[in-house]
Amino acid sequence: MNQGIIIRINDRAGTKKHTDYVGWGPRPAWVRQISPTSTLSVTLRNNGLLNGGRVTFFPSINGRPDMLSPSNQLSNITLPASSDQETNWVQFFIAGEFNQTTGRGAVSSRDKDTGVGVYDSSTNALLYTKSLMVRVRKNANRLTATERRDFLEAIMILNTNQGVTFPWKNLQDMHLPTTSREIHGRSCFLPWHRAYLLNLERDIQALEVSQSNGTVKSYAHVTIPYWDFFTTAQNMFTRDFLGFPDSAGVVQFNASNPLINWQTNLSGTDVVILGPKLRRAHRLQNSSSFPWNPSNTGTPIFTLGGQWSTFTRTQNGTINDYSDYRRFALGVSSSNLPGLETSPHGGAHVSWGGPIMRVGWSPADPLFFMLHCNIDRLWTMWQWLTPGYRFNPSDTNSYDRQGFGGTGTVPSSSTKGNYTEDTLWPWDGDDQAPRPSQANWGGLPASPTVSAPGPIPRLKQMIDYHAQYSQNPADHLGFDYEDIPLDYPRRN
Amino acid sequence: MSEYTYQDSEYKKRLRNEVLEKSITVAEQKKQAVNARKIFLNTTKPIDERLEAAKSMGNFTEPADIKKALAIFRDENQPEIIRSYAFSSVAGLVLSDEALMQDAIDALKAGEGEGQIALSALRILQLAEISSPDMMERHTASFKDALRTVVDHKNKNLRSIALEILAMEKDEFAQRRLLESLENKGEELIEPEVAIQFLAYDLHANYYPVLRQIAQNPPNQIAKREALRNLGTDVESKDMLLETVMNPEEDPEMRHAAVTALITQAPELAVDSSKRIIIEENGEHLDELKTALLNTLVYTEKRATSDRPENLFLETVSAESFNQELQRLKVSPGSAELKEMIDIYLNNR
Ligand SMILES: [Cu+2]
């Protein structure tokens, strides 16, 4: 029996599509009676599918979540008798449930497998259930067959020329030899690539394909999976996922894998030849005798010394060697110490033959975004695990270049794009020196679930990505990693 | 923020403890590394002992060690493998030291002995391209020059990486050498199936004759497939591509490669041929090919047939009858993968 109750998540007006997604940061939600005859006392608790995602509830205080009171239910909420749609909403907040003891989150494995049940407080009768999804970025090695399929379909659609738009080609054109200095070799490397990943992920989530039965297939539930190259990825480099190279380094796929149609639109090449035309040779650059294969061993992300086979940089080394951003990201090359950009990032790129091995060509391989998703995750892990946190955008330990960057003829560590207050190229449309000369791909796509960072992101907005520091849901960028939670505070 | 305080969760504590446990091992390793470095840098020790030490010495960070390692790298009386490890161990300096970057380029170009030192140098130069793009840009000309030099090195691994980087850069010298290698003029630089991929980074019309020749008279099946794939823009290959597509005796992998090439110059023909194979040819050995063809139709059919006047579209299989045949195929014996793909195709109409 429908008691005439409605819940909205992230969008009270209900004018947007695909708004019912949450990660670890509290998102605003509203509940009301549709045609009330009297006030009604209700309790909210989880009522999703078996093995689906689950949420944690927060009461609202002055429009903000009460972070001191997370709970698995919200009891005795009084829904007003008024039918005025402007005033009879009751606000609360929800976030994906994360078990801080086990380190496991109650993430969704399918779209809308999570539910917020509204129960009559006096009779405990279920009045209404709102379905949603706990949507986070996952380890690519552990995706279900459906999760893989949806991701592969989505990127294949983006890499198909859609006449007026060609999203994957646009992404490739932002990451060329001629734009490399804007986005590599300086502090903005990590924030810039965080925005770049978000651009792809929002492109994916906006996709809709109409089906012959009249329905529409949405990809709003899809996130970019990460390639954890510190462990074995036996389920990733298979013919039904990212493919497996033959003896000539040409990646082979199953006949039903969407990627058999993959095309590599390399810059300055007008000729488009359909795939599978992807070269990704299993090979380390320094050894023909070592048949490296990420399907049965972790990636040998070499440090800058010794033999790569013995000296690989570990996840722990990456996260714990440094507590300040500058050394964490860039290392100290004058002392022969690598930062994240060189190792593991650079090492992961140049472990292969094919486009992935070079900056200007690498986004032609979908593996690029999964590699970078893990680089972003390692940054996130460092931000969360370093004592005192590294989410405060105005703390030099969180980001070393504070304020506005200067002018110049070419990008350098002192020019704009590299400082907290700067807007990020190319979303800011700035095509004047020191910026690269093209920036006409438009702003960063909007998300129906969050408003940040807006079409023209500022660098500082990338740092506190799920509002651990600001505690302000308006700062959420709308993505999360399955193994990195938001910490809840206590009263001082 | 100030009114709040945070307490480490059990999860965070556990991760921190793991770090702590590992740092004990790391401290152990660091102790070993200090010893290993001493042995490696001691030129009076036996080579075998120094090579064994190299496995655990890590990267040199002490100024005195760095100085010694650089001296060993430059000492032509030291064995090649020792010099290559010495350079690898200080290679991070290349990212910020312009003179050392030039040394790396010189070592690449020199390509001494078996090419071990050159490979170490090349590896670090590839990293420098990523994380020191400003410095690398100033050395582009000499880097390319060094790469061109090692194209003829006896170390195949070195040759291959150099050729691939140059081919990506559309370097005319490398393109000419790859073409000559394909044409069997002089010595083979790299396997033909790899050479084709490198040339495809920047496809030129003057490659077509040799690609056609390889497609018709292939040294191996992979080379044939790669040649077919890259003839998509060669108008003269249209008939040959179509014949390959429609030849029931042909290897299914070649037929699919030929279809994807044909889509580039004759999309309607490619779509129509694919449909005919799917509904007219029989046998379970074709299930995989049919699955692949349907898969390709899902992503290319709409594009191939849009923006074209109806009357120009040479359609021998109507959409209606094709869909009916697919329904029939779905209930006939066949692979689960094919049936699944039929559903995906029909859902996407
Ligand atoms: Cu990049």
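These lines cover the structure that appears in this document, whether it is placed above or below. Every chain is numbered on its own, with residues counted from 1 as its sequence reads. Lettering for chains starts from A, numbering for ligands starts from 1, and both go in the order in which the items are written. Note on the predicted model: pLDDT of at least 70 is required for a residue's local features to be given, and 80 or more for side-chain atom pairs to be given and counted; whole-chain, interface and lining totals, by contrast, use all residues. Only hydrogens and water are set aside when side-chain values are computed; all heavy atoms of the structure are taken into account.

### Quick look at the coordination of the copper ion
All names here are of chain A. Each metal's donors are the N, O and S atoms found within 2.8 Å of it, except that Na, K and Ca use a 3.2 Å limit; water is left out, so coordination can look incomplete. At this site the copper ion is bound by His175 (NE2), His184 (NE2) and His193 (NE2), with donor distances of 2.0 to 2.1 Å. Sequence positions of the residues that donate to the copper ion give the spacing H-x8-H-x8-H. Of this pair, His175 sits in the loop between helix 2 (167-174) and helix 3 (180-183) while His193 sits in helix 4 (residues 189-205), placing them 18 residues apart in sequence. Assigned by exposure class, His175 and His193 land together as buried. Only DSSP runs of H or I reaching four residues or more are called helices, and only runs of E reaching two or more are called strands; each is numbered from the N terminus. Buried means the residue's accessible area, taken with a 1.4 Å probe over protein chains only, is under 20% of the maximum for its type, while exposed means over 50%, and partly exposed covers the values in between.

### Quick notes on the nonpolar core
Residues enter a nonpolar core if they are buried and are Ala, Val, Leu, Ile, Met, Phe, Trp, Tyr or Cys, with the set joined through side-chain atoms within 4.5 Å. Counting 240 residues, the largest nonpolar core has Ile94, Trp227 and Met236 of chain A together with Phe40, Leu108 and Leu294 of chain B as the members making the most contacts within it. The greatest single-element share of this core, amounting to 13 residues, is contributed by helix 8 (residues 367-385) of chain A. These domain limits were set by an automatic method or by a database of domain assignments. Domain assignment of the residues forming this core places at least three in each of domain 1 (5-134) and domain 2 (140-475) of chain A. Contacts: residue pairs with any heavy atoms within 4.5 Å of one another. Residues within four places of Leu108 of chain B in sequence aside, it is in contact with Ala118, Ala121, Leu122, Leu125, Phe143, Ala146, Leu147, Val150 and Leu158 of chain B.

### Remarks on the sheet that holds strand 1 (residues 5-9) of chain A
All names here are of chain A. What makes two strands pair is DSSP finding at least two bridges between them. With antiparallel pairing, the five strands of this open sheet are ordered in space as 1-3-8-5-6. Each end of this open sheet is capped by a strand with a single partner; those strands are strand 1 and strand 6 (64-65). With five bridges joining them, strand 1 and strand 3 (residues 27-33) adopt antiparallel strand pairing. Residue pairing for strand 3: Arg8 is matched across the bridge by Trp30.

### Examining the environment of Lys144 of chain B
Relative to the elements of secondary structure, Lys144 of chain B occurs in helix 8 (residues 140-150). Setting aside chain neighbours within four positions, we find Lys144 of chain B in contact with Leu166 and Glu169 of chain B.

### Observations regarding the interface of chain B and chain A
Chain B puts 85 residues into the contact, and the matching count from chain A is 101 residues. Buried area, as used here, totals the accessible surface that two parts lose on assembly, with accessibility defined by a 1.4 Å probe and the loss added over both. Buried surface at the junction of chain B and chain A, summed over both partners, amounts to about 8,000 Å²; 54% is from carbon and sulfur atoms. On the chain B side of the contact with chain A, Arg123, Ile130 and Tyr299 of chain B bury the most area, a combined 10% of that side's loss. A pair is scored as a salt bridge if a Lys or Arg side-chain nitrogen falls within 4 Å of a carboxyl oxygen belonging to Asp or Glu. Glu129 of chain B is paired through a salt bridge with Arg358 of chain A; the nearest N and O atoms lie 2.6 Å apart. Between N or O atoms, a polar contact is any pair within 3.5 Å; within protein, one atom must be a potential hydrogen donor and the other a potential acceptor, and residues adjacent in sequence are included only when both atoms are from side chains. In this structure, the connection of chain B to chain A is made through 35 residue pairs in polar contact (both at pLDDT 80 or more). Gly falls in the polar group here, along with every residue not listed as nonpolar (Ala, Val, Leu, Ile, Met, Phe, Trp, Tyr, Cys, Pro) or charged (Asp, Glu, Lys, Arg). Looking at the side of chain B that touches chain A residue by residue, the classes come out as 34 nonpolar, 28 polar and 23 charged. Two strands pair when backbone bridges link them, and strand 21 (residues 490-491) of chain A and strand 1 (residues 4-5) of chain B are joined in this way by two bridges, in the antiparallel orientation. Each residue of the ladder has a partner; that of Arg491 of chain A, found in strand 1 of chain B, is Tyr4 of chain B.

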